[in-house]
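Overview (structure and organization)
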Amino acid sequence: MMAREYKIIEKYEEVPNVHKFVIRDPRIAKKAEAGQFVLVMANEKGERIPLTLSNWDKKEGTITLYVLELGVSTMELVALDQGDSLYSLAGPLGNPAKVEKFGSVLIGGGCFGIGGIYPIAKAMKEAGNHVTVIMEARSNYLLYNHQNLDSVSDELYIATADGSSGINGHVQEKYEELVKEGKKFDRAYFMGCTFMLMQCSKATKPHGLPTGVALNAIMLDGTGMCGCCRVSVDGETKFVCVDGPELDGHKVDWDELFIRKHIYREEEAVSYQSHACRSLTGYERDQKKEGGA
Ligand code: FES
C-alpha cells in the first residue's frame, strides 16, 4: 500500500491571518461530511490542531481547510508551503452536523468559520431548507468566501465590527434585526470563536431557537480517550471530538469552557513571541516566495 503523504497542493493567505490550504487526501475526501474536522500536525514535534473540513472534492481527492494563525502550532503550519507535506493528518473526525429539513435555517460564521460554514449551508440547502447566512468580520477586508456562500444561501448578510460592510455589529445583532423584521427561523448553527458562539447562543435562547454550535476545544487524540476536549453540556460531561463538534449552544457551560480554553494562554503567548518562525512574517514569506528580499 502506498504511504499517505498529505501533500499541500494549494496554499495562500486568503485574508490577513487566515490561510487556505488544499490538501490531497482521497481517503478523507471520500468520507467527509458537513461539520466534521481533521487533526493536523505540521511537524513531528508539533501539536495536533483540529481544523474544520471547509470543502472537499471527492473526484480530485482533496480537502480544503482554513487556518487562523494564532499561536506556535498554527504558525508552524502556515510556514509550510505549496508542495510541502503535513507530518500527519487524521480524519474525518467528529459527528456530521445535524442536517435535515428544518424549514428556515440561520447559519452564522466568523473568522475561520466563514470558511467552515460553507459545507453546512450547502447540506442544509440540499436538504430543502431556506438558508440565511450571516458572515462576520472585524472589517470588510477580512471577509472571504462570498461566492461559495452566495451559491448555497437564499439570503446572505454581512456584519462588520467597524461598519465597513453590512451592518455595524456582529452576527447576533443582525439576527436580532431580522427577528424584528418578522423573520422566523427553525434552526440555527454557528461557527467561529468561542466568544461569538456564546453571544449568538445567548441571542437565540430567549427566542427558543434550537441552536447548534461548532465548538473548538484543545484536542490531543481526537478519539474521546484523553479527556482534553471535555466540556459540560446541561450538567453532563461531553467530549467535543466524539460527542461534537456540534453541541447545543443553550446548554453549554460557557464559563467553564473559557477557563479551560485559556489555561495555557500565558505559556502560549511567551512561546509565540519567542518562536524562531517569527523571524519570518507571513508577508516576508510571500516576498521570499515571489523572489523578493
Ligand atoms: Fe481527547 Fe477529545 S481530544 S478526548
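Residues numbered from 1 in each chain as written. Predicted model: local features only at pLDDT ≥ 70, side-chain atom pairs only at ≥ 80, totals over all residues. Heavy atoms only, no water.

Per the stated rule, a full pass over the model turns up zero disulfides. Just so you know, Cys111 is unpaired, no disulfide at all, and the nearest cysteine sulfur is the one on Cys193, 7.1 Å from it. Of the residues examined, Cys111 reaches a relative accessible area of 28% and is grouped as partly exposed. (Disulfide = S-S within 2.5 Å. Buried < 20%, exposed > 50% of the residue type's maximum accessible area, 1.4 Å probe, protein only.)

For the rest of this paragraph, the subject is the environment of Leu65. Positionally, Leu65 belongs in strand β6 (residues 62–68). In this structure Leu65 comes out as buried when scored by relative accessible area, which is 1%. Beyond its immediate chain neighbours, meaning those up to four positions away, Leu65 contacts His19, Lys20, Phe21, Ile23, Val38, Val40, Leu51, Thr52 and Leu53. (Helix = DSSP H or I, 4+ residues; strand = E, 2+ residues; numbered from the N terminus. Contact = heavy atoms within 4.5 Å.)

Moving on, we get to the side chain of Glu155. Structurally, Glu155 can be placed in strand β10 (residues 155–160). Looking at Glu155, the relative accessible area reads 18%, which means it is buried. With residues up to four places along the chain from it excluded, the contact list for Glu155 reads His130, Val131, Thr132, Val133 and Lys183.

Burial along strand β13 (residues 211–214) is two-sided: the face carrying Thr211 and Val213 and the face carrying Gly212 and Ala214 are both buried. Taken together, the four bridges between strand β12 (residues 187–191) and β13 define a ladder with parallel strand orientation. Looking at β13, one finds that Tyr189 is bridged to Gly212. As a crossover connection, the stretch from β12 through helix α7 (residues 194–204) into β13 is right-handed. Here three bridges tie β13 to strand β16 (residues 246–248), and the two strands are oriented antiparallel to one another. Bridge pairing in β16 places Ala214 opposite Glu246. (Pairing = 2+ DSSP bridges. Right-handed = clockwise from strand over helix to strand, strands pointing away.)

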